[in-house]
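# Report on the structure
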Amino acid sequence: MSVIEAIRAGRTFEPAVHPQIALEPFVLQASGFSLWYGKAQALHGVSMHVPRGKVTALIGPSGCGKSTFLRSVNRLNDLIDGVRVEGRLVLSGQDLYAPDVDVIDLRKRMGMVFQKPNPFPMSIFENVVYPLRVDGENRRRMLEEACERSLRGAALWDEVKDRLRQSALGLSGGQQQRLCIARAIVADPEVLLLDEPCSALDPIATLRIEELIHEISQRYTVLIVTHNMQQAARLSDFTAFMYLGRLVEFGPTAEIFQRPRLPETEQYVTGRFG
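First things first, this report covers the structure right here in the doc. Just so you know, these numbers come straight off a predicted model, no measurement behind them.

Parameters at a glance
Residues numbered from 1 in each chain as written. Predicted model: local features only at pLDDT ≥ 70, side-chain atom pairs only at ≥ 80, totals over all residues. Heavy atoms only, no water. Helix = DSSP H or I, 4+ residues; strand = E, 2+ residues; numbered from the N terminus. Rg over C-alpha atoms; globule rule 2.2 N^0.38 Å. Buried < 20%, exposed > 50% of the residue type's maximum accessible area, 1.4 Å probe, protein only. Contact = heavy atoms within 4.5 Å. Areas by Shrake-Rupley, 256 points an atom, 1.4 Å probe, with all protein chains shown as cover. Lys, Arg positive; Asp, Glu negative; His and termini not counted. Charge placed at Lys NZ, Arg CZ, Asp CG, Glu CD. Pairing = 2+ DSSP bridges. Axes fitted to C-alpha atoms, helices over the stretch in contact; angles between N-to-C directions. Parallel < 35°, antiparallel > 145°, perpendicular 65-115°, else oblique. Left-handed = near helix turned anticlockwise from the far one by under 90°. Nonpolar A, V, L, I, M, F, W, Y, C, P; charged D, E, K, R; others polar. Salt bridge = Lys/Arg side-chain N within 4 Å of Asp/Glu carboxyl O. Polar contact = N/O pair within 3.5 Å; in protein donor to acceptor, adjacent residues only side chain to side chain.

If you tally the helices and strands in the chain, you get 11 helices and 11 strands. Against the globule reference of 19 Å for 274 residues, the chain gives a C-alpha radius of gyration of 19 Å, in line with a compact fold. Seen through its C-alpha atoms, the chain measures out along the principal axes to roughly 60 × 45 × 35 Å. Taking all 274 residues of the chain together, the buried fraction comes to 52%. Partitioning the intrachain contacts of the chain with sequence separation of at least 6 by distance along the chain shows that 69% fall at a separation of at least 24. When the accessible surface of the chain is totalled, it reaches about 12700 Å², and 49% of it is carbon and sulfur. Averaging the coordinates of the 32 positive side-chain charges in the chain and doing the same for the 32 negative ones gives two points 2 Å apart.

Bringing the pairing of strand β11 (residues 246-252) into the picture now. Counting buried residues in β11 gives seven out of seven residues, a clear majority hidden from the surface. Pairing analysis gives two bridges linking strand β1 (residues 16-17) to β11, with the strands arranged parallel. From the neighbouring strand, A16 faces β11, where its bridge partner is E249. Here strand β10 (residues 238-243) runs beside β11; their pairing, made up of six bridges, is antiparallel. The residue bridging F238 from the neighbouring strand is P252, located in β11.

Bringing the sheet that holds strand β6 (residues 94-95) into the picture now. Across the sheet, which stays open at both edges, the four strands sit in the order β3-β2-β5-β6 with antiparallel pairing between neighbours. Each of the sheet's edge strands pairs with one partner strand only, and the pair in question is β3 (40-51) and β6. Inspection of the sheet shows strand β5 (residues 83-91) paired to β6 by two bridges, in the antiparallel sense. Bridged to V90 within β6 is D95.

Here the focus is unusual backbone geometry. Even without glycine at this site, S92 takes up a positive phi of about 50°. Relative accessible area serves as the criterion here: at 37%, S92 is assigned to the partly exposed category. At L244, a position not held by glycine, the phi torsion is positive, near 50°. Within the secondary structure layout, L244 lies in the loop between β10 and β11.

Quick look at the packing of helix α5 (residues 140-153) against helix α7 (residues 173-185) now. In the contact formed by α5 and α7, the axes pass within 8 Å of each other and the chain directions differ by 125°. Comparing their axes, α7 and α5 come out oblique. For the element pair α5 and α7, the recorded crossing hand is right-handed. Two secondary-structure elements touch here, α5 through S150, L151 and G153 and α7 through L179, A182 and I185.

Relative to each other, α7 and helix α8 (residues 203-216) sit at 20°, their axes nearing to 9 Å. Overall, the two elements α7 and α8 adopt an arrangement that is roughly parallel. As α7 packs across α8, the resulting crossing turns out to be right-handed. Where α7 approaches α8, its residues G174, Q177, R178 and I181 are matched on the opposing element by A205, R208, I209, L212 and I216. Taken together, the residues of the contact of α7 with α8 break down into five nonpolar, two polar and two charged.

Turning next to the side chain of E196. As for its placement among the helices and strands, E196 is situated in the loop between β8 (191-195) and α8. The charged side chain of E196 is buried without a salt bridge, its nearest counter-charge being K66 at 5.5 Å. Engagement of the side chain of E196 in a polar contact is seen with the side chain of H227, the distance being 2.9 Å.

Another aspect to go through is the environment of G53. With respect to the helices, strands and loops of the structure, G53 is situated in the loop between β3 and β4 (55-59). By relative accessible area, G53 is classed as partly exposed at 39%. Considering only alpha carbons, one finds G53 and D237, 184 residues apart in sequence, at a separation of 9.8 Å. With residues near it in sequence (within four places) discarded, G53 still touches S217, Y220 and T221.

What follows is the structure, given as C-alpha cells:
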C-alpha cells in the first residue's frame, strides 16, 4: 500500500525524515502534534524540527494542514471555536500550549504575514511601529530608528521615506506586503511565519517579495507556506511535504525536489498529483 493510500485509509505510517534534519539546531519542535476543529481532525501527530536560521517551506495540496500548522505556532487557531490540540509544540524550550503560557507575549516573539496584505488604516510610520507601541514603546527616537531599520530590511525605505505620514492604504499591493513584512520584523521576532505571502501579488511584486525573503532569511528563521513548487525550490533550505494533515517527507529542499525518498513526494513536486 502506498503512503497516500495508507493516509486515505487512516492508517499510521512513519514519515520519511532525512537524516540531515537531525544535524541542524532547531528553534521549533513539534512532537505528535494533532489538532481538531470540533470533530474534524486537521493535523495528525505531526512531529518535526524547524531548523534555526533557515527557511523551511511547507508544501502540499489545499487542505493538507499547512496553514493550520503555521497558525498553530502563534496560536491563531485559538480564535476558532471548538479547537483542541494534543501533543507538543516547543519554541526555544517553551511549550507553546502549556497552561501558563501568555499568548499575547508569545505572539510578540513571532512575526506573521498573511496571504493578502493587511495594512492598518493609519500612516506608513504607525503601521510599522504598531507592535512596539503595543509593547509600550513611545520614545520618538526609538520608534523612528526602528521604523527606518525595518523598512530598510523590507526593501521599502527608499520608496516611502518621504511619505511616512501618508496612509499605508495608498501603497501598491506589493508595497503593502513588504510593509507588512516590515511590521512583522520590527520587534526582532524569533520566527517569521509567512502564509502564502505572494499568492495575491503579480509576478513582478512576487519576485520582489522572494528577493526580500531571501535577504531577511540571513537574520531570521522563516517558516513559509506555499503552493508554488518553484517558489519553494528557490527560497527554502528545507521542505516538508504534507498530505491530509500528516507529515509525509521532510528534508533538505534539494533532496526533496531532486532525490526524494518517497515516490509520492516525487509525484507531487513534479505535478503528477495534488
